[in-house]
Amino acid sequence: MIFRRRILGILFLSVFVQSICAQDIQYVNVLRAAVWDDAEITVCWENPDPSNTRERKLVENAVKNTWEKYSSIQFTGWQKCGTLRILSSELRIKIANEHPHTKGLGKELNHVEAGMVLNFDWDGCSFSNDYCIKIIAVHEFGHALGFSHEHNRSDCGCHEQPQGTDGDWYATPCDIESVMNYCNPNYNNGGELSEWDKIGLRKVYGPFNPQGDRVVAIIGGNLFGIEGNTYSWTRLMNGVTQASISDNRIGVIKRDKTAWVKEGGLDSDWVKVADDASKIQLSGNRIGVIISGNLHVKEGSINSNYDKLLDGAVNFSLSANRVGVISSDGKALVKEGALNSNWVHVADNCRSIELTSNRIAVLLNDNRLMIKEGSINSTYVHVADNVSESQLSNNRIIAMINDRTAWVKEGSLNSNWTKIADGVIDINASGDILAVVLDNSNAMLKKGTTNQNWGLLNIGVSSLYLPNN
Ligand SMILES: [Zn+2]
């Protein structure tokens, strides 16, 4: 086994070895200089053939279900090299009857001919061919992301020979279960990332966020945000209990019940907007806050004055041109247009309300979800029972049911529900993004169609916020 494992290993043709600076070691084994600048890396095949279409798909799926699923990294393209022009990043794969290997780590492979070599019929691997293709691909793509062999580490205490360029950043403790560790008794960890692999990966490449959308999350009681092509979360505010984001603003309520809003970049300054606040929501240029039990809304600049809209408000929602509120006696009221327009009484026995520009969703005390679209006075459609929470985005409704399953309905109010997750404690939807927080505190996100794969945004998340529609 050891011999087989050893010869299976990557053969680095590039031989420069980084010196390891002691102060730099923090505790995956990464070569810092090899970390890609952009999370989107184009992959191409140098010599694809119709006879290996299936094997190439095995590789693509193995990568999708590992490195891509747990980080911001996206490997795109997967066509014959030269098909796509003017690429900032390009990982070139040659299919050959050789030991699988890469010619270096991470972005050292950019545009390098046969930068990765994969073997679709290799007798050096003693498992089934398909299994070997999958688990070797996962390992080699680890190198392609800049990860060195875990057993090369001086703190690992395993007896495999160090091989290939060493990393200079120990992003996690030595991990026997790593897909990059020859000492792992489970060869290439069965093609699965270990928990430390996932943590190290996210430390280097940040959370799964395919288009760099702005997302904020409460992690360990503090608010963090991420957007654009950055790989790391920005700490925004400590001691946060609730948040809301709109196109270019972020609002929070802290444990001391003060409410704060910032406008523009993640690093802009916070402005205090209320004391004794219990809920905040932002939409466009409006800021709504429940202050001392009463609903206040302001519009325009952050420093403008509030209009007090309702005494005794327990819940509310803002959309572009509407305000919806649940009064302390369970009435749902909606107003449209100016903040001083009249309330329209739209339902009784409600516990929450959600608005988009043309839909009103009320969740009744008996857990029925009722939605109307078009005018405020249109008729409700009873869309679901046993609902504990719901959210609206453009043409979608996402609902969490009392059994902790999450469902989505897309298009017409009469279309079918699709189940998207089990074991859910929080849901969110914005534009074409769906997000859930699972009962293991993993926040999962998908973008595009509802049948896309989930990616892991972060662990340890209690709440997650996407821009309000
Ligand atoms: Zn290797």
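Predicted, not measured: the structure shown is a model, and the values here were computed from it.

Here we take up the overall build of the protein chain. A count of helical and extended segments in the protein chain gives 4 helices and 35 strands. Each principal axis of the C-alpha distribution contributes one length, and for the protein chain these read about 75 × 50 × 40 Å.

Right, let's talk about the environment of serine 412 for a bit. As for its position among the elements, serine 412 is in the loop between strand S29 (406–410) and strand S30 (417–421). Taking the C-alpha atoms as reference points, serine 412 and leucine 434, separated by 22 residues in sequence, lie 18 Å from one another.

Taken in spatial order, the 4 strands line up as S11-S12-S13-S14 in an open sheet, and their pairing is antiparallel. Edge strands, defined here as strands with exactly one partner in the open sheet, are strand S11 (240–245) and strand S14 (271–274). The average undirected angle you get between the axes of adjacent strands in this sheet is 25°. Note: strand S13 (residues 259–263) against S14, 3 bridges, orientation antiparallel. Looking across to S14, one finds that tryptophan 260 is bridged to lysine 272.

For the rest of this paragraph, the subject is the environment of methionine 180. Inspection of the secondary structure puts methionine 180 in the loop between strand S7 (169–170) and helix H4 (195–205). A sequence separation of 17 residues divides methionine 180 from aspartate 197, and the C-alpha atoms of the two residues are 8.5 Å apart.

Turning our eyes to something else, we now look at the sheet that holds strand S33 (residues 443–447). Strand-to-strand pairing in sheets goes through backbone hydrogen bonds, with the strands running parallel or antiparallel. Read across the open sheet, the 4 strands follow the order S31-S32-S33-S34; overall the sheet is antiparallel. With partners counted over all chains shown, the strands left at the sheet margins are strand S31 (424–430) and strand S34 (455–458), one partner each. Between one strand and the next, the sheet's axes are offset by a mean angle of 25°, whatever the strand orientation. Relative to S34, S33 runs antiparallel, the two sharing 3 bridges. Residue pairing across strands places methionine 444 opposite leucine 456, the latter belonging to S34.

Before going further, it helps to examine the pairing of strand S8 (residues 215–219). Within S8, 5 of the 5 residues are buried, which leaves the element mostly enclosed by the surrounding structure. Taking every second residue as pointing to the same face, both faces of S8 are buried, with Val215, Ala217 and Ile219 on one and Val216 and Ile218 on the other. As judged from the 5 bridges shared by S8 and strand S9 (residues 222–226), these two strands associate in the antiparallel manner. Considered in S9, the bridge of valine 216 is made with glycine 225. What sits between S8 and S9 in their antiparallel hairpin is a turn of 2 residues, with glycine 220 showing a positive phi close to 60°. Relative to strand S35 (residues 461–465), S8 runs antiparallel, the two sharing 4 bridges. When the sheet's bridge partners are listed, isoleucine 218 is paired in S35 with serine 463.

Attention shifts here to unusual backbone geometry. Within the chain, tryptophan 78 stands out as a residue other than glycine whose phi angle is a positive 65°. With respect to the element layout, tryptophan 78 can be found in strand S3 (residues 74–80). Exposure remark for tryptophan 78: the 17 C-beta atoms within 10 Å place this residue in the partly exposed category. Of note in this structure, lysine 257 is not a glycine but carries a positive phi near 70°. Examined against the element boundaries, lysine 257 turns out to sit in the loop between strand S12 (249–254) and S13. Lysine 257 gets classed as partly exposed once you count the C-beta atoms within 10 Å, which come to 14.

Helix H3 (residues 129–144) packs onto helix H2 (residues 53–64) with a crossing angle of 50° between their chain directions and a minimal axis gap of 9 Å. What the angle tells us is that H2 and H3 run oblique. For the pair H2 and H3, the sense of crossing is right-handed. Mapping the contact onto sequence places Glu55, Leu58, Val59, Ala62 and Val63 in H2 and Asp130, Ile133, Lys134, Ala137, Val138 and Phe141 in H3. Within the contact of H2 with H3, the residues separate by chemical class into 8 nonpolar, no polar and 3 charged.

Glancing now at the domain arrangement of the protein chain. Segmentation of the protein chain into domains returns domain 1 (2–205) and domain 2 (215–465). Between the C-alpha centres of domain 1 and domain 2 there is a distance of 40 Å. With 10 residues of domain 1 at the interface, the matching set in domain 2 holds 5 residues. No other element matches the 3 residues that H4 contributes to the side of domain 1 that touches domain 2. In terms of residue class, the side of domain 1 that touches domain 2 is built from 4 nonpolar, 1 polar and 5 charged.

Counting residues in each nonpolar core, the largest one holds 129 residues, and the members touching the most others are Val216, Val362 and Ala435. Take this core: its biggest share by element is 8 residues, from H3. Looking at which domains feed residues into this core, each of domain 1 (2–205) and domain 2 (215–465) gives three or more. Excluding residues that lie within four positions of it along the chain, alanine 435 makes contacts with Asn428, Ala443, Met444, Leu445, Leu457, Leu464 and Leu466.

Below, the discussion takes up the confidence of the model for the protein chain. Averaged over the protein chain, the pLDDT score is 89; the fraction of residues at 70 or greater is 94%. Confidence over residues 1–27 falls short of pLDDT 50; this stretch has 49 contacts with residues more than four positions distant or in other chains.

Definitions and limits used
Starting afresh in each chain, residues are numbered from 1 along the sequence in its written order. Under the rules for a predicted model, residues below a pLDDT of 70 receive no local features and side-chain atom pairs below 80 are neither given nor counted, while totals for whole chains, interfaces and linings still include all residues. Secondary structure follows DSSP: runs of H or I at least 4 residues long count as helices, runs of E at least 2 residues long count as strands, and numbering of each begins at the N terminus. Two strands qualify as a pair provided DSSP detects at least 2 bridges between them. Comment: axis = line fitted to C-alpha atoms, over the contacting stretch for helices; angle = value between 0 and 180 degrees taken between N-to-C directions. Here a residue counts as buried when 20 or more other C-beta atoms fall within 10 Å of its C-beta, as exposed when 12 or fewer do, and as partly exposed in between; the C-beta atoms come from the backbone. The cut-offs work like this: below 35 degrees is roughly parallel, past 145 is roughly antiparallel, 65 to 115 is roughly perpendicular, and the gaps in between are oblique. Here a crossing is called left-handed whenever its near helix is offset anticlockwise from the far helix by less than a right angle, and right-handed whenever the offset is clockwise. Two residues qualify as being in contact provided that their C-beta atoms, derived from the backbone, are within 7 Å of each other. Gly falls in the polar group here, along with every residue not listed as nonpolar (Ala, Val, Leu, Ile, Met, Phe, Trp, Tyr, Cys, Pro) or charged (Asp, Glu, Lys, Arg). Domain extents, as shown, originate in an automatic or database domain assignment. We define a nonpolar core as a collection of buried residues of the types Ala, Val, Leu, Ile, Met, Phe, Trp, Tyr and Cys that are connected via C-beta atoms lying within 7 Å of each other. As a per-residue measure, pLDDT reflects the predictor's confidence and takes values from 0 up to 100.

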